[in-house]
Amino acid sequence: MDGEGRRIAFGSRCHYCQSSPVFRHYAARITERLAERYAGHPALAMWHIGNEYIGFGCHCDASVTHFRRWLADRYGTVEALNDAWGTAFWGQRYDSFDHVGTPAARSRTVSGPNPGQLLDFARFSDAAALECYRAERDIVRRHTPELPVTTNFMGSFKHLDYWRWAAEEDVVTLDVYPGPQDQEGPLLAACNFDLMRSLRGGKPWLVLESATGRNLTDVRNHARPAGQLRPRSLQAVARGADSVMFFQWRASRAGAERFHSAMVPHGGTRTRTWREVTTLGKDVARLAELSGGVRDRADVAVVLDWESWWALEGPDHPANDLRFTDRLLDHYRPLWDANIAVDFVRPHSDLSAYRLLVVPNLYLVDDAGADNITEYVRAGGHLLMSYFSGIVDEHDRVRSGGHPGAFRDLLGIEIDEFAPLRPGETCGLRHAGHTGTAVEWQDVIDLAGAEALAAYTDGELKGGPAVTRHRFGTGTATYLGTSPDRETLRRLVLDCVTGAGVTPAPATPEGVEAVRRRAADGTEHLFLLNHTTDEVTVDLGSGLSQPVDLLADDPQIAATGRLRLPPYGVAVVRDVPRNQP
Ligand code: GLA
């Protein structure tokens, strides 16, 4: 049942309630039978539980009862819940957990919802889905304790906290579907690949599903351009995947996805897709030595915290159209363009090995997370943090005493007011002699130890700081009080990269991605992926001792070190020293 009180109809898929005892009973029974039947089967290599859990927040009676139980476990007493949710406001006090409901849709209430209730319902819906996964996982583990268990993730998918899920899996697996015509497809995919690798500390992961060609997500769904399958698939291997798999083997004739691409299209083995798939199979076989290899820890880490994401996109904020993944990509894009390796982390992760920590819009953070980030900088770390960070605690309660409550001392600023720009409005900005523009958000910043790195050149805040920098302990904290245009943000991010002493990455022609991955024996490999339809040349330098391209029929690279990549070409060069190309 959705928040409007409507029952989800039968006739599509995923029409189950994850809190329903009846659903759980039969799901367990089917799992038990499957495990009994296939345990010991020679073809059984791994269990894949469910399919793309979505954490649908159901509002039926069974879900309400389950939510109450979950809240009672979390808070112990109803007084603690009242305190966390601030129910004194608007007369919402509860006397018993039995009086609490799921948050109704806005259309069914007079005014806005309670933010603490909304956030806990997001947590609960995630937790209820994870319970379903765990129940089935435990059954198959009983039958085949030696086999790994997974469920497929959907990248930066909002409703499930994959940090928690990954800890319950033996291997992380991903379904990845950037559209063949999406210009930013390789960027989106790279970001998701880095996230998957990071979820289990850099261990190899698997692409469980991708598309050989068309998927059906847009109004017009174009076939994949000839040749594009190769770089798009091997990009995952470059970023730590030990497999490239597809939905689906043979194109189906019936059902909703009969026009979704497949390894064997409706035209059979006389098709271009089939030829490209079999070539890719040979490529992957040539990369076997990479399997099991773990990538080095990156110098740069980006913080992604699901609970903060849920709260950031909640209602009744100074700006109600902030989209976390847009801001995340803003910060990731310049690093990807510059071939700089990135790991994702949580506010509580061990940050000590990173030179630069990038924190896009961490609205919610608990004390332990805030302390961890603060101590990282005090001990010499470099931080780049963006607006509306450190504002609320884990219950979405504002940290008082001046914004940003969790990071005021660290950033050396006080935010006197939030002054979001109107939709479509821009503001001039000057940074290091360069003029740019800002959109979406402005903080009215008072400097309290920090210096201004960039200032507004017009508007209400003309002359005021837009970007600040503060020396804190033996580290440096840079703060963005607005959302700058791409070029300005690129300059700011790369300025932090240089300031933090991040190992410089190789420059490659535009649209050519360079990624390093270690093989299990420790040998370093350089992937060069040409995502463009132009032929390009990459200069590996002449100091290489016998470099070898694992994908080429004639694997030796000429002594000049110049490597020609055809349109959509890929090379995987063994043993390239760090300063090359
Ligand atoms: C998801 C699902 C598949 C299929 C594909 C293509 O990844 O897991 O069942 O529906 O999308 O749309």
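Just above, that's the structure.
Here the structure is a predicted model, which means the values were calculated and not measured.

Engineer: I keep staring at the site of the ligand and nothing clicks. Help me out?
Structural biologist: Around the ligand, a shell composed of R13, N51, E52, D175, Y177, E209, F247, E257 and H260 is seen. N51 is positioned such that a nitrogen or oxygen atom in its side chain is 2.9 Å from an oxygen atom of the ligand. In this structure, E209 approaches the ligand through a side-chain N or O atom, which is 2.3 Å from an oxygen atom. Across the complex, the protein chains shield 87% of the 300 Å² of accessible surface that the ligand would expose by itself. Its residues assigned to classes, the shell around the ligand comprises two nonpolar, two polar and five charged.

Engineer: Just checking my understanding: could you explain helix α2 (residues 61-75) for this structure?
Structural biologist: Side chains of residues three or four places apart in an α-helix project in the same direction, reflecting 3.6 residues per turn. Spanning 15 residues, α2 covers 21 Å between terminal C-alpha atoms, matching the ideal 21 Å at 1.5 Å per step. The set of residues buried in α2 consists of S63, V64, H66, F67, W70, L71 and Y75. Down the axis of α2, the buried side of the element spans an arc of 165 degrees, and every buried residue falls inside it. Exposed and oriented more than 90 degrees from the buried face of α2 are D61, R69 and D73. Each element contacted by the buried residues of α2 is listed here: α1 (21-38), α3 (78-85) and α4 (115-143). G76 occupies a position one or two residues after α2 and carries a positive phi of about 75 degrees.

Engineer: Help me understand the packing of aromatic side chains in this model?
Structural biologist: Note on aromatic pairs: each is described by the distance of the centres and the angle between the planes. The tally for this structure, following the rule as stated, stands at 22 aromatic pairs. A ring pair is formed by Y387 and W441, whose centres lie 5.5 Å apart and whose planes are at 15 degrees; its orientation type is stacked. Here the residue Y387 occupies a position in the loop between β10 (382-386) and α12 (408-411), and W441 occupies one in strand β13 (residues 434-447), the gap between them amounting to 54 residues. W441 gets classed as buried once you look at its relative accessible area, which sits at 0%.

Engineer: Where do I start with a negative patch on the surface in this structure?
Structural biologist: Taken together, the side chains of D409, E414, D416, E417 and D446 define an acidic patch exposed on the protein surface. No other element matches the three residues that strand β11 (residues 413-418) contributes to the negative patch. Assignment of secondary structure puts E417 in strand β11. A relative accessible area of 48% places E417 in the partly exposed class.

Each value, and the rule that gives it
Residue positions are counted from 1 within each chain, in the order its sequence is given. Two thresholds apply to this predicted model, a pLDDT of at least 70 for residue-level local features and 80 or more for giving and counting side-chain atom pairs, whereas whole-chain, interface and lining totals are computed over all residues. Neither water nor hydrogens contribute to the side-chain values; these are computed over all heavy atoms in the structure. A molecule or strand has a residue near it when one of that residue's heavy atoms lies within 4 Å. Nitrogen and oxygen atoms within 3.5 Å of one another constitute a polar contact, given that in protein one can donate a hydrogen and the other can accept it, and given that sequence-neighbouring residues count only through two side-chain atoms. For accessible areas, the Shrake-Rupley method is used with a probe of radius 1.4 Å. Any residue's cover is judged against the shown protein chains and nothing else. Classification used: nonpolar for Ala, Val, Leu, Ile, Met, Phe, Trp, Tyr, Cys and Pro, charged for Asp, Glu, Lys and Arg, polar for all others including Gly. Secondary structure elements follow DSSP: runs of H or I of four or more residues count as helices, runs of E of two or more count as strands, with numbering from the N terminus. Expected span of a helix, by definition, is 1.5 Å for each gap between consecutive residues, and there is one gap fewer than residues. Exposure is judged per residue with a 1.4 Å probe applied to protein chains only, and the accessible area is read against the type maximum: over 50% gives exposed, under 20% gives buried, and values in between give partly exposed. An arc is given here, and it is the one of the directions from the helix axis to the C-beta atoms. Contact definition: two residues touch when any of their heavy atoms are within 4.5 Å. Ring pairs are drawn from Phe, Tyr and Trp, using the six-membered ring of Trp, whenever the two centres fall within 6.5 Å, and their geometry is named by plane angle: stacked under 30 degrees, edge-to-face over 60, tilted for the rest. Like charges are joined within 9 Å and nonpolar side chains (Val, Leu, Ile, Met, Phe, Trp, Tyr) within 5 Å, but only among residues with over 30% relative accessible area and no salt bridge; these make up the patches. Put simply, a salt bridge is a Lys or Arg side-chain nitrogen that is within 4 Å of an Asp or Glu carboxyl oxygen. We count Lys and Arg on the positive side and Asp and Glu on the negative side, and we leave His and both chain ends out. Here the site of a charge means atom NZ of a Lys, CZ of an Arg, CG of an Asp or CD of a Glu.

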